[in-house]
Amino acid sequence: NQEALRQQLRAMRTGDDAVAYFTRHGANTKVKLIHCVLASSVTRSRDALSPYDLLVIPEERIKREMEHFTITPSGVVHVMPGQLSECVSLSEWVHQCMM
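Residues numbered from 1 in each chain as written. Predicted model: local features only at pLDDT ≥ 70, side-chain atom pairs only at ≥ 80, totals over all residues. Heavy atoms only, no water.

J.: Before we go on, may I ask you to explain the pattern of salt bridges in this structure?
T.: Two side chains bearing opposite charge may form a pair once their charged atoms approach each other closely. Inspection of every chain in the model, using the stated rule, returns two salt bridges. As a salt-bridge pair, Arg6 and Glu3 come within 3.4 Å of each other at their nearest N and O atoms. Of this pair, Arg6 and Glu3 both sit in helix H1 (residues 2–11), three residues apart, roughly one helical turn. With a relative accessible area of 41%, Arg6 lands in the partly exposed category. When the shortest N-O distance is used, the salt bridge between Arg10 and Glu3 registers 3.4 Å. Given a relative accessible area of 34%, Glu3 falls into the partly exposed group. (Salt bridge = Lys/Arg side-chain N within 4 Å of Asp/Glu carboxyl O. Helix = DSSP H or I, 4+ residues; strand = E, 2+ residues; numbered from the N terminus. Buried < 20%, exposed > 50% of the residue type's maximum accessible area, 1.4 Å probe, protein only.)

J.: So what exactly am I meant to see when it comes to the sheet that holds strand E1 (residues 34–38) here?
T.: In a beta sheet, neighbouring strands are held together by backbone hydrogen bonds and run either parallel or antiparallel to one another. Strand order across the open sheet formed by five strands is E2-E1-E3-E4-E5, with antiparallel pairing between neighbours. Two strands in the sheet have a free side with no partner beyond their single neighbour: strand E2 (54–56) and strand E5 (86–89). Adjacent strand axes in the sheet meet at a mean angle of 25°, parallel and antiparallel pairs treated alike. Where strand E3 (residues 68–71) lies against strand E4 (residues 75–79), four bridges are found, and the strand directions are antiparallel. Of the residues in E4, the one forming a bridge with Ile71 is Val76. (Pairing = 2+ DSSP bridges. Axes fitted to C-alpha atoms, helices over the stretch in contact; angles between N-to-C directions.)

J.: Explain the layout of surface pockets here, please?
T.: Take a probe with the size of a water molecule and roll it over the atoms, and the empty space left behind shows itself. In this model, the largest pocket occupies a volume close to 190 Å³. Residue lining of the largest pocket: Leu9, Met12, Val31, Lys32, Leu33, Ile34, His35, Val56, Ile57, Pro58 and Glu59, and that is the complete set. Along the lines of polarity and charge, the residues of the lining of the largest pocket split into eight nonpolar, one polar and two charged. (1 Å grid on protein atoms, 1.4 Å probe; cavity = no way out; pocket = protein on both sides within 12 Å on 5 of 7 lines; lining within 4 Å. Points joined across faces, edges and corners; volume = space filled by probe spheres on them. Nonpolar A, V, L, I, M, F, W, Y, C, P; charged D, E, K, R; others polar.)

J.: In this structure, what is going on with the pairing of E1? I would like to understand it.
T.: Two faces make up the sheet, and in a regular strand the side chains alternate between them. Among the five residues that make up E1, five are buried, leaving the element largely enclosed by the rest of the structure. With three bridges joining them, E1 and E3 adopt antiparallel strand pairing. Counterpart to Cys36 in the pairing with E3 is Phe69. Direction of pairing for E1 relative to E2: antiparallel, over a ladder of three bridges. Along E2, the bridge assignment pairs Leu38 with Leu54.

Written as structure tokens, this is what we have:
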């Protein structure tokens, strides 16, 4: 149902929400990619937050030279401009988050 999908996407705020969405739906969804940034980059907090504390943002807010993450049904890619990106399977990401 398209309306249910829109509601789920509107309610999605964190990287945990995105991971839960893909864990629940897998590749059986029209949504194939969710963009996130580190929560600390949005809150501008000096407190060290976990690298797993992500906030969902619209794709159009991603700037070319901006560190960000993409979450897909198969994994998480950490994009760091000027460096090699890091890719982790969704199951490994969940495992690392719990440590």
